[in-house]
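What follows is the residue order along each chain.
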Amino acid sequence: MTLNIRRFFPGALLGGYGLLVLGLPLAGLGYALLGSLGMAGPLAAGFTLRYWLALGANAGLLYSALFSSWVALVSVGVSLALALSLVLRAQPTLRRWPLPGLLYVPLLLPALVLAFCLFQLLSGAGWLARLSYGLGWIDSPADFPELVQDGAGLGIILAQVLLTFPFLTLLLQAIYQESRLDELRQLSSTLGASAGQFRWRVAVPLLLRRAAPTLLLSFIATLGAYDVPLLLGRPHPQMLAVFVATRQQFDLRELPMGYLAGFLVALGLLALIGVLIKLTRRHAL
Amino acid sequence: MRSRLLIGLLVLVFGLPFGLLLLLALAQGWHFPRALPPAYSLAALRTLGAADGELLAGLGRSLLLAGTVALLATAGGFGVARAVARSRWSRQWEAASYLPYALPPVLLATLVQPFIIRLHLSGSLGGVLLGLLLVALPFATLLLRSFWSVQAREYEQLARTLGCSVGQAFGRVLLPLAWPLLRTTLFQTFLLAWFDFGLTNVLSVGKVRTLTVQVFSYVGEANTALAAVASLLLVLPPALLLGLNRAALWRRPW
């Protein structure tokens, strides 16, 4: 029996790839499930539903999920509104120097660095507070409104908007040009449609439909953000990734709960990515 | 007028972080309520040249890690994308490649950490490299999947018909054709690893001090000057890439 190297090599490559990309995360997921049932991990002492039942009494994960959803919804919503208004209302400016180049600038900033900058800018002793003091608006850092490490996650939302809206603007502008929306605008105007009707009945549905997979992915990415909320968030409520990571890193007794949280969050995000794949395929058709 | 106002506003918003970082890196004794530093010093920048320069070591570590991830992910992704394109289960493989995106890097890191510990890779450069490849390889595969169309196969077959060996068809036909996409993938996977903090911090348990880990650590120590210098160093390679190829910074596989 001879080994067909041409068939064996791609098969072995895909096998290795599957092991890394599917095997390792799924094994991790299985380990987290076993850990939450007391069957794996350093505190494993046999099957127990204690941690799952404790979930009902401890609303930390639920708060965390709600807080993350709020931050992700508002961040992506505001970013989308800004990007849409730029693409639909500032077309000539978007095509002229320096705006196309300018929109790439925030893509240079790692999320952690942007969070650090916003902290230096918006905290009680930050640069804006100092300007306010100089203008006589406040008497001490405590008088400055809480814009970072606040309960509503304003600082996190601002950072996520700054990171997301330039990217969405570039994406929507590319779709606008590929879809020849300028020509469609002229056509709809010839047929008697007003500028507003073109925007709301032609341009916005088309742009949203084609950008839907990326929008959902941006939502998922914000939902699982870690760097920004770690610097600009509060210990309570925490965003999901911070909630899971802190429970698995610092207190061994919280490890099973950390496994459970990690398992549930991963499962929820996997369901969302399933929707994303369906959207991508529908768009491809 | 409205257009100038818009551009002015965006220049202000996007420029402010860079200006602030520069001020923080050069400021001396800059405390509340001063709006501008009372004195300027190059002391924080000089730490870069110090013999035991932790910052310079961090820069080297980040460059090594991101460069290795970019090379391995792009080369591996090119091969895997070809195998995926020619597989009977092409769509299923593509769907599987989205899995690492479903999970935030830090969550992925916490999930695979028990296995990284068993492989004795926890807290090592190898463990972080494996973790980053877990995200970068499927990213590169999805990005490069579009290259392996029927057209690419036909070009390959044509080259073989005209007398090229497998190696020649690959090196002289397919590679030059794929180069623009390969270059974009190299840039993107480099940036993916360069910008990462969560996954590196969890898998290295703080031991592999890349530049992002150092920024976080300096912020924690309230050493704003060094945090600003490390941040400026982090911005440098993406700025160079922006100069070289703008599109390479934002192209996505979906």
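Residues numbered from 1 in each chain as written. Chains lettered and ligands numbered in written order. Predicted model: local features only at pLDDT ≥ 70, side-chain atom pairs only at ≥ 80, totals over all residues.

**Student:** What should I look at first to understand the overall build of chain B in this one?
**Tutor:** Looking only at helices and strands, chain B features 12 helices and two strands. Secondary structure elements in chain B, listed N-terminal to C-terminal, are α-β-β-α-α-α-α-α-α-α-α-α-α-α. Expressed along its principal axes, the backbone C-alpha trace of chain B runs to roughly 75 × 60 × 35 Å. Taking all 254 residues of chain B together, 43% fall into the buried category. Within chain B, residue pairs in contact and separated by at least 24 positions form 69% of the contacts whose partners lie at least 6 positions apart. (Helix = DSSP H or I, 4+ residues; strand = E, 2+ residues; numbered from the N terminus. Buried ≥ 20, exposed ≤ 12 C-beta atoms within 10 Å, placed from the backbone. Contact = placed C-beta atoms within 7 Å.)

**Student:** I keep staring at the overall build of chain A and nothing clicks. Help me out?
**Tutor:** Helix and strand counts for chain A stand at 13 helices and zero strands. Since a compact globule built from 285 residues should have a radius of gyration of about 19 Å, the 24 Å found for chain A marks it as more spread out than a globular shape. With the principal axes as the frame, chain A shows a C-alpha extent of 75 × 70 × 35 Å. Each of the 285 residues in chain A was classed as buried or not, and the buried ones make up 42%. Expressed as a percentage of contacts within chain A between residues at least 6 apart in sequence, the contacts between residues at least 24 apart total 70%. (Rg over C-alpha atoms; globule rule 2.2 N^0.38 Å.)

**Student:** Would you explain the interface of chain B and chain A in this entry?
**Tutor:** When the parts of a complex come together, some accessible area is lost, and that lost area is often used as the size of the interface. With 62 residues of chain B at the contact, the number on the chain A side is 64 residues. When residues in the side of chain B that touches chain A are grouped by element, the largest group, 10 residues, is from helix α1 (residues 2–26) of chain B. Taken together, the residues that form the side of chain B that touches chain A break down as 49 nonpolar, nine polar and four charged. (Nonpolar A, V, L, I, M, F, W, Y, C, P; charged D, E, K, R; others polar.)

**Student:** Sorry if this is basic, but what is going on with the nonpolar core here?
**Tutor:** In a soluble, globular protein the nonpolar side chains are often hidden away together inside. Ranked by size, the top nonpolar core spans 153 residues in total, and within it A115 of chain A together with A136 and V215 of chain B carry the most contacts. Here the element with the most residues in this core is helix α8 (residues 154–178) of chain A; it accounts for 14 residues. The contact partners of A136 of chain B, leaving out residues within four places of it in the chain, are V69, A73, T189, L192 and A193 of chain B. (Core = buried A, V, L, I, M, F, W, Y, C linked by C-beta atoms within 7 Å.)

**Student:** Just checking my understanding: could you explain helix α10 (residues 195–223) of chain A for this structure?
**Tutor:** Every α-helix winds through 3.6 residues per turn, so residues three or four apart in the chain are directed the same way. All names here are of chain A. With 29 residues, α10 extends just 35 Å between its outermost C-alpha atoms, more than 12% less than the 42 Å of an ideal straight helix rising 1.5 Å per residue. Remark: the principal bend of α10, roughly 60°, maps to A212, with a proline, P213, within the next four residues. Considered for burial, the residues of α10 that qualify are F198, A203, L207, A211, P213, L215, L217, S218, F219, I220, T222 and L223. (Expected span 1.5 Å × (residues − 1). Bend = angle between axes of the 7 residues up to and from the residue.)

**Student:** Help me understand the packing of helix α8 (residues 150–161) of chain B against helix α9 (residues 166–195) of chain B, please; the structure alone is not making it clear to me.
**Tutor:** Between two packed helices, what matters for the description is the angle formed by their axes and the separation of those axes. Residue and element names in this part refer to chain B. At a minimum axis distance of 10 Å, the contact between α8 and α9 shows a crossing angle of 150°. Viewed along their axes, α8 and α9 adopt a mutual orientation that is roughly antiparallel. Between α8 and α9 the crossing geometry is right-handed. Of α9, the residues touching α8 (which contributes A152, Y155, E156, A159 and R160) are A169, V173, L174 and L177. (Axes fitted to C-alpha atoms, helices over the stretch in contact; angles between N-to-C directions. Parallel < 35°, antiparallel > 145°, perpendicular 65-115°, else oblique. Left-handed = near helix turned anticlockwise from the far one by under 90°.)

**Student:** Explain the packing of helix α6 (residues 111–122) of chain A against helix α11 (residues 211–220) of chain B to me, please; I cannot follow it from the model alone.
**Tutor:** Taken N-terminus to C-terminus, the directions of α6 of chain A and α11 of chain B make an angle of 25°; their axes are 10 Å apart at the nearest point. By the angle between their axes, α6 of chain A is roughly parallel relative to α11 of chain B. Pair α6 of chain A / α11 of chain B crosses with left-handed handedness. From α6 of chain A, L112, V113 and F116 of chain A reach across to α11 of chain B, where they touch T212, V215, F216 and V219 of chain B. Partitioning the contact of α6 of chain A with α11 of chain B into residue classes produces six nonpolar, one polar and no charged.

**Student:** Sorry, what's going on with the environment of F115 of chain B here?
**Tutor:** Residue and element names in this part refer to chain B. If you trace the backbone, F115 turns up in helix α6 (residues 105–118). A count of 17 C-beta atoms within 10 Å places F115 in the partly exposed class. Sequence separation between F115 and G127 is 12 residues; the distance between their C-alpha atoms is 9.9 Å.

**Student:** How should unusual backbone geometry be read in this particular structure?
**Tutor:** Glycine aside, a negative phi is what most residues show, and trans is what most peptide bonds show. In the segment running from H236 of chain A into P237 of chain A, the intervening peptide bond is cis, with an omega of -5°. Its location among the elements puts P237 of chain A in the loop between α11 (227–232) and α12 (240–249). The peptide bond linking F32 of chain B to P33 of chain B adopts the cis configuration, its omega dihedral lying at 10°. Among the secondary structure elements, P33 of chain B is positioned in the loop between β1 (27–28) and β2 (39–40). Phi at Q149 of chain A takes a positive value of approximately 50°, unusual for a residue other than glycine. By secondary structure assignment, the location of Q149 of chain A is in the loop between α7 (127–134) and α8.

**Student:** How should I be thinking about the environment of M257 of chain A in this particular structure?
**Tutor:** Residue and element names in this part refer to chain A. Note that M257 resides in helix α13 (residues 255–284). Residues M257 and A54, 203 residues apart in the sequence, show an inter-C-alpha distance of 8.8 Å. Contact partners of M257, with chain neighbours within four places excluded, come to Y51 and R247.

**Student:** Please explain helix α7 (residues 125–145) of chain B as it appears in this structure.
**Tutor:** Residues and elements named next belong to chain B. Between its first and last C-alpha, α7 extends 29 Å over 21 residues, near the 30 Å set by a 1.5 Å rise per residue. The largest bend in α7 amounts to roughly 35° and is located at L133. By the criterion of burial, α7 is predominantly enclosed, with 18 of the 21 residues buried.

**Student:** What exactly am I supposed to notice about the confidence of the model for chain B here?
**Tutor:** Regions with low pLDDT should not have their predicted coordinates read in detail. Residues and elements named next belong to chain B. The pLDDT averaged across chain B works out to 88; a share of 95% of its residues lies at or above 70. When the elements of chain B are averaged for pLDDT, helix α5 (residues 99–102) gives the smallest value, 75, and helix α3 (residues 54–85) the largest, 94. Predicted complex metrics record ipTM = 0.87 and pTM = 0.88. (pLDDT = per-residue confidence, 0-100.)

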